[in-house]
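# Residue-level structure breakdown
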Amino acid sequence: MKDILKSFLGVFIGLGVGLLVVVAVGENPLVVLKAMTGALVSSPYDIGMTLFYTTPLIFTGLAVAIPLRAGLFNIGAEGQLMVGAMAAAVLPQVVSSPFLAVFGAILISGIWGGLIGWLKARRGAHEVIVSILMNFIAVGITSTLANGMFKDPDSQLGETAPVAEVFHSVPFSFFAGAPTGVYTVFALFLPYLLYGVMKRSVWGYQLRAVGLNETAATLYGIERGRVWILAMMAAGAVAGFVGCMEVFGNAHKFRMGFSPEWGFSGIAVALLARGKFSAIVPSALLFGMISKGSLALELETEKMTREYAMVLQGIIILSVTLTHAYKKRAK
Amino acid sequence: MEEWVFPVLRTATPLVFASMGGLWCERSGVIQIGLEGFMLLGAFFGAFFALALKSVFLGFLGAGLIGAILGGVFGIAVIRFRANQIITGTAINLFAAGLTPILCKAVYGSANSSARVDFTEPLLWGPLVAAGLCAVVSWALFLWTPWGLRMRFAGEHPEALQNAGVSVVRYRWMGVVLAGVLASVGGAMLSVFLSSSFVRGMSAGRGFIALAALILGRWNPGLTVMGCFLFAFTDLMQGRLQGHEWFGIKVADPMVHTFPYAVTLFILAFVMGRSRAPKALGEPW
């Protein structure tokens, strides 16, 4: 309970400091606040869009949080979700069932993630460096494919041909056109499902054991490397759902640069949740609202850009970390 | 010779500064993931101060100053409050990635690039000599001075340093601030030396590459510089291979673009053996 209070305090301090940045570049913080909060819940469409921005953050937040429990820091969710999206856009040409297409896409992004785990476990390469390098490689591969082999011949942009109608996930009509559908519902349940897996399954137990005390886990007979690989595979698979959501639920094709750095925002989501699965949804909701809100900034203010979301992410995770780390010094 | 040596040295300049900053910080026992953020802010403020004060030198100085402040913020979090070093570094990276386009738009009217630094002749030797000095001085201080020895002890065996009556916190502070200063100056090299304006996201992973160079170089100044050269070389190759044909097959440009990252990954994973990090790296004191 006390932990939650500390997190809230950290978020409020972070938002306050974030507004100082606004003042520093010469904008009125009240105008910025109004612009950011104005269109969050004012119509069913806006509610739908806020949820739409929250959904990928739940997935990427989990993609960071799962390996975090095993003691790994995954900053490769961005590459994993791109690989997943490319797979989702291409697989419908091969398979006929939407279920198989989704499964194949998350399998491929899972393998991409697992590769990071493998390089860490078997080759001793640091996962942070490996994941950032693999992000660049994922961008290279997917944009090469989107401009070459799988390019839509009818389009001038680097994007794949649209997938067939059977694969589309239909958005809920309540949200008046916002692309919010089954993926959002699934995302809202997934963290709690995984929470159960972590608490009740052997696999979850081993993962937590490795994260809490590597030496003890090894002595107990848990193979550390295997856990790392599986944790990173799971992370890649979960990040792959972002690709599925984008391709099947939103754009119906792979577009170059479709992700506004959701993978990196996922880091902020997981860290604000302090790696706890039960806190991923509220944390993603906060950053989803911030992402959605900062889109309005470019229209309603002169100097602010949508990147203000990242400024707030950075400041909030720093201030939350500090409120948790703060202890009165012993005299 | 002319065609490769000089360009490799030029391309390696920002990396040498950043990786030397990372070296001081990590050898003193503090993980430094925030190099990328320091570099990006350094790139912006280098161009900003150079343009505002009409002096390239003051541009570098200003970037270094901003770096010292950022290093200070980082230090307060990880040393004073013992916050998680990886999380704090990540926060700095996110903050820098978000703040630079906003500052750029506020000052120059465009979030994508700054005004051009075109009031002086292109720099030739100055930054190269400075980078060389930075590496040589780091190396000499490390191996031959009591200061360097204490720095290493702060990262290897802080208890021993403490027992010898030397403050571990003080040496870690120096490491952290040096990382901020050097990485920011390295970033300023990108905007003021290698090109002539700040461009959004121009660090493009170089902070992480500098870290990779540090790991490739086994946290050793000389070998780390070699790692920087290696990346600079592959980066240049990448530029020259764009649009090139091999046996009649044209490799797409985005694919060629990944070449330096792929080579770095390959070497990290398959060529070098495990490299041993400073023993107390990441442990708060």
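First, a word on scope: everything that follows refers to the structure included in this document.

Rules of the game
Residues numbered from 1 in each chain as written. Chains lettered and ligands numbered in written order. Predicted model: local features only at pLDDT ≥ 70, side-chain atom pairs only at ≥ 80, totals over all residues. Heavy atoms only, no water. Helix = DSSP H or I, 4+ residues; strand = E, 2+ residues; numbered from the N terminus. Rg over C-alpha atoms; globule rule 2.2 N^0.38 Å. Buried < 20%, exposed > 50% of the residue type's maximum accessible area, 1.4 Å probe, protein only. Lys, Arg positive; Asp, Glu negative; His and termini not counted. Charge placed at Lys NZ, Arg CZ, Asp CG, Glu CD. Contact = heavy atoms within 4.5 Å. Buried area = accessible area lost by both parts, 1.4 Å probe. Salt bridge = Lys/Arg side-chain N within 4 Å of Asp/Glu carboxyl O. Polar contact = N/O pair within 3.5 Å; in protein donor to acceptor, adjacent residues only side chain to side chain. Nonpolar A, V, L, I, M, F, W, Y, C, P; charged D, E, K, R; others polar. Patch = residues over 30% accessible without salt bridge, like charges linked within 9 Å, V, L, I, M, F, W, Y side chains within 5 Å. Areas by Shrake-Rupley, 256 points an atom, 1.4 Å probe, with all protein chains shown as cover. Core = buried A, V, L, I, M, F, W, Y, C linked by side-chain atoms within 4.5 Å.

This brings us to the overall build of chain B. From N to C terminus, chain B includes twelve helices and two strands. Written out in order from the N terminus, the α and β elements of chain B read α-α-α-α-α-α-α-α-α-α-β-β-α-α. Radius of gyration (C-alpha) of chain B: 19 Å, near the 19 Å computed for a compact globule of 285 residues. Relative to its full complement of 285 residues, chain B shows a buried share of 57%. Separation between the mean location of the 19 positive side-chain charges and that of the 12 negative ones in chain B comes to 11 Å.

Once that is clear, we can look at the interface of chain A and chain B. Listed by partner, the interface residues are 47 residues for chain A and 44 residues for chain B. Carbon and sulfur atoms supply 80% of the area that chain A and chain B bury against each other, a total of about 3,800 Å² over both sides. In terms of surface lost to chain B, no three residues of chain A exceed A:Ile129, A:Leu133 and A:Phe136, which account for 15% of the buried area on that side. Summed over the shared surface of chain A and chain B, the number is one salt bridge. The salt bridge involving B:Arg200 is made with A:Glu307; its shortest N-O contact spans 2.1 Å. In this assembly, chain A and chain B are joined by three residue pairs in polar contact (both at pLDDT 80 or more). Listed by contribution, the elements that provide at least two residues to the side of chain A that touches chain B are α5 (98-123), α6 (127-147), α11 (262-272) and α13 (308-325) of chain A. If one sorts the elements of the side of chain A that touches chain B by residue count, α6(A) sits on top with twelve residues. Partitioned by chemical class, the residues of the side of chain A that touches chain B number 31 nonpolar, nine polar and seven charged.

To continue, consider a nonpolar patch on the surface. Among the surface-exposed residues, A:Phe99, A:Leu100, A:Phe103, A:Leu107, A:Ile108 and A:Ile111 lie close enough to one another that they form a single nonpolar patch of about 600 Å² accessible area. When you line up the elements, A:Phe103 lands in helix α5.

To continue, consider helix α9 (residues 206-216) of chain B. All names here are of chain B. Most of α9 sits out of view: eleven of its eleven residues are buried. By the burial criterion, the buried members of α9 are Arg206, Gly207, Phe208, Ile209, Ala210, Leu211, Ala212, Ala213, Leu214, Ile215 and Leu216. Note on α9: the residue one or two positions beyond its end, Arg218, has a positive phi of about 50°.

All names here are of chain A. Grouped together as the largest cluster of nonpolar side chains are 204 residues, with contacts concentrated most on Phe248, Tyr308 and Ile316. By residue number, the principal contributor to this core is helix α10 (residues 224-250), which donates 15 residues. Once you skip the residues sitting within four places of it in the chain, Phe248 turns out to touch Ala88, Pro92, Ala101, Val102, Val163, Phe167, His168, Ser169 and Tyr183.

Take α11(A) next. All names here are of chain A. Here α11 lies mainly inside the structure; eleven of its eleven residues are buried. All of the buried residues along α11 are Trp262, Gly263, Phe264, Ser265, Gly266, Ile267, Ala268, Val269, Ala270, Leu271 and Leu272. One or two residues past the end of α11 sits Arg274, with phi positive at roughly 55°.

The next thing to look at is the pattern of salt bridges. Opposite charge on two side chains permits them to pair, given that their charged atoms come into close proximity. All names here are of chain A. Under the criterion given, the structure shown has nine salt bridges over all chains. The residue Glu223 makes a salt bridge to Arg122 at a minimum N-O spacing of 3.3 Å. One end of the pair, Glu223, is in the loop between α9 (214-219) and α10; the other, Arg122, is in helix α5, with 101 residues separating them in the sequence. By relative accessible area, Glu223 is classed as partly exposed at 39%. A relative accessible area of 37% means that Arg122 is categorised as partly exposed.

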